[in-house]
Amino acid sequence: MPVRMIDAPPSGGRLRAAWRTAHAPVPGVARWARAAAYAVPFTVLPSGIWRLGLLFADDPEGIRGNLPGWIPMRVYVVALTVFTELLAFTAVGLVAGWGERVPRRLPVLGGRRIPVAAAGIPAALGALALTVLWGFVAWSQVAGTTVTGEPLPDDWPGEAGGFATVWFYACYAPLVLWGPLLGVATVGYWMRRRRMP
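Predicted, not measured: the structure shown is a model, and the values here were computed from it. Sequence order sets the numbering: in each chain, residues are counted from 1 along the sequence as written. Owing to the predicted nature of the model, reporting of local features is limited to residues with pLDDT of at least 70; listing and counting of side-chain atom pairs is limited to 80 or more, with chain, interface and lining totals taken over all residues. Only heavy atoms go into the side-chain values, all of them from the structure, while hydrogens and water stay out.

Colleague: Would you take a moment to explain the nonpolar core for this structure?
Modeller: The nonpolar side chains of soluble globular proteins are, as a tendency, buried together. The definition of a nonpolar core used throughout is a set of buried Ala, Val, Leu, Ile, Met, Phe, Trp, Tyr and Cys residues joined through side-chain atoms within 4.5 Å. When a residue's accessible area, from a 1.4 Å probe over protein chains only, is under 20% of the maximum for its type it is buried; when over 50% it is exposed; and in between it is partly exposed. Ranked by internal contacts, the top residues of the largest apolar core, which has 32 residues, are Trp50, Leu94, Trp134, Tyr172, Leu175, Trp178 and Leu182. Elements supplying a minimum of two residues to this core: helix H2 (31-53), helix H3 (73-89), helix H4 (116-143), helix H5 (162-172) and helix H6 (178-195). What counts as a helix is a DSSP run of H or I of at least four residues, what counts as a strand is a run of E of at least two, and both are numbered from the N terminus. The dominant element in this core, judged by the number of residues it contributes, is H4, at seven residues. Pairs of residues are marked as contacts when any of their non-hydrogen atoms sit within 4.5 Å. Ignoring any residue separated from it by four or fewer positions in sequence, one finds Trp178 in contact with Val40, Thr43, Val44, Thr84, Leu87, Ala88, Leu130 and Trp134.

Structure below.
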């Protein structure tokens, strides 16, 4: 007896389509703006990978720092990593269609154009804040102090020595680029959207 074949979408078809939709640039995006926007999530990714490594530490609860006692360390690490990566991904909205129009499936506002200032001003302020923040953090690390001006504690990851120190700084150094790259993507967004009718 012959077996009847059923036409079914390939596994992961919806995921692939969502990925394309989220990343596809709109017409008129400058190559430099697209490169900057796509690079932003990759500046945050290494620090997230480093943080997720804390989940495998012998005693992750022993490295709490100033974290409140009611937040489990493992939950904090995962939540912070996911939050920062999602925040960084918003830079892609400066070159993709979802940064120009509210998705149609959302009630009330679905399909409406997003005003240039509604995305451009928060992106510009975010770029400025991130540039100042990570620039100051980098400067304090070079000076051997915390951001409050106190000497780095002995258990600071950058003070471990050897490969652990190199790995820590290699994972956190790209964060210095987050603000400037977001600024470049924001300038591209502003220039392109201002030319549109």
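Colleague: Sorry if this is basic, but what is going on with the packing of H4 against H6 here?
Modeller: Helix packing for two helices is described by the angle between their axes and how far apart those axes are. To define axes, lines are fitted to C-alpha atoms, for helices over the stretch in contact only, and angles between the resulting N-to-C directions are given on a 0 to 180 degree scale. Between H4 and H6, whose axes approach to 8 Å, the crossing angle comes to 160°. It follows from the interaxial angle that H4 and H6 lie roughly antiparallel. Once H4 is placed against H6, the crossing between them reads as left-handed. Between H4, through Val116, Ala117, Ala119, Gly120, Ile121, Ala123, Ala124, Gly126, Ala127, Leu130, Thr131 and Trp134, and H6, the contact on the second element is made entirely by Trp178, Gly179, Pro180, Leu182, Gly183, Thr186, Tyr189, Trp190, Arg193 and Arg194. Charged means Asp, Glu, Lys or Arg here, nonpolar means Ala, Val, Leu, Ile, Met, Phe, Trp, Tyr, Cys or Pro, and polar covers whatever is left, Gly included. Tallied by class, residues from the contact of H4 with H6 come to 14 nonpolar, six polar and two charged. Roughly parallel means an angle under 35 degrees; roughly antiparallel means over 145; roughly perpendicular covers 65 to 115; every other angle is labelled oblique. Two helices cross in a left-handed way if the nearer one is turned anticlockwise from the farther one by less than a right angle. They cross in a right-handed way if the turn is clockwise.

Colleague: Would you mind showing me how to read H5 here?
Modeller: Owing to its 3.6 residues per turn, the α-helix aligns residues three or four sequence positions apart on the same side. The complete set of buried residues in H5 reads Thr165, Phe168, Cys171 and Tyr172. Viewed along the axis of H5, the buried residues span an arc of 140°, placing them on a single side of the element. In this structure, H5 carries Gly162, Phe163 and Val166 as exposed residues pointing more than 90 degrees from its buried face. Contact partners of the buried residues in H5: H2 and H4. Directions are taken from the helix axis to each C-beta atom, and the arc is the one they span.

Colleague: I tried to follow the environment of Pro25 on my own but got confused; where do I start?
Modeller: Assignment of secondary structure puts Pro25 in the loop between helix H1 (13-23) and H2. For Pro25, the residues in contact, after removing those within four places along its chain, are Arg34, Tyr38, Val95 and Ala96.

Colleague: Would you take a moment to explain the packing of aromatic side chains for this structure?
Modeller: Two aromatic rings are characterised by how far apart their centres lie and by the angle between their planes. Here a Phe, Tyr or Trp ring, Trp counted by its six-membered ring, pairs with any other such ring whose centre lies within 6.5 Å, and the pair is stacked when the planes are under 30 degrees apart, edge-to-face when over 60, and tilted otherwise. Within the structure shown, the criterion is met by seven aromatic pairs. By way of ring pairs, the aromatic residues Trp50, Phe168, Tyr169 and Tyr172 are connected into one cluster.

Colleague: Can you help me understand the confidence of the model for the protein chain in this one?
Modeller: In regions of low pLDDT, the predicted coordinates are not meant to be interpreted in detail. Confidence in the prediction of the protein chain, expressed as mean pLDDT, is 84, and 88% of residues score 70 or more. Across the protein chain, the secondary-structure element scoring lowest on mean pLDDT is H1, at 78, and the one scoring highest is H2, at 95. One confidence number per residue, pLDDT, is output by the predictor and ranges from 0 to 100.

Colleague: So what exactly am I meant to see when it comes to a nonpolar patch on the surface here?
Modeller: Like charges within 9 Å and nonpolar side chains (Val, Leu, Ile, Met, Phe, Trp, Tyr) within 5 Å are joined into patches, using only residues over 30% in relative accessible area that form no salt bridge. Methods summary: accessible areas were calculated by the Shrake-Rupley approach with a probe of 1.4 Å, and residue burial reflects only the protein chains presented. Counted as salt bridges are all cases of a side-chain nitrogen of Lys or Arg within 4 Å of a carboxyl oxygen of Asp or Glu. Judged by side-chain polarity, Phe42, Leu45, Ile49, Phe163 and Trp167 come together as a nonpolar surface patch covering roughly 560 Å² of accessible area. Breaking the nonpolar patch down by element, the ones donating at least two residues are H2 and H5. When residues of the nonpolar patch are assigned to their parent elements, the largest contribution, three residues, is made by H2. With respect to the helices and strands, the residue Phe42 is situated in helix H2.

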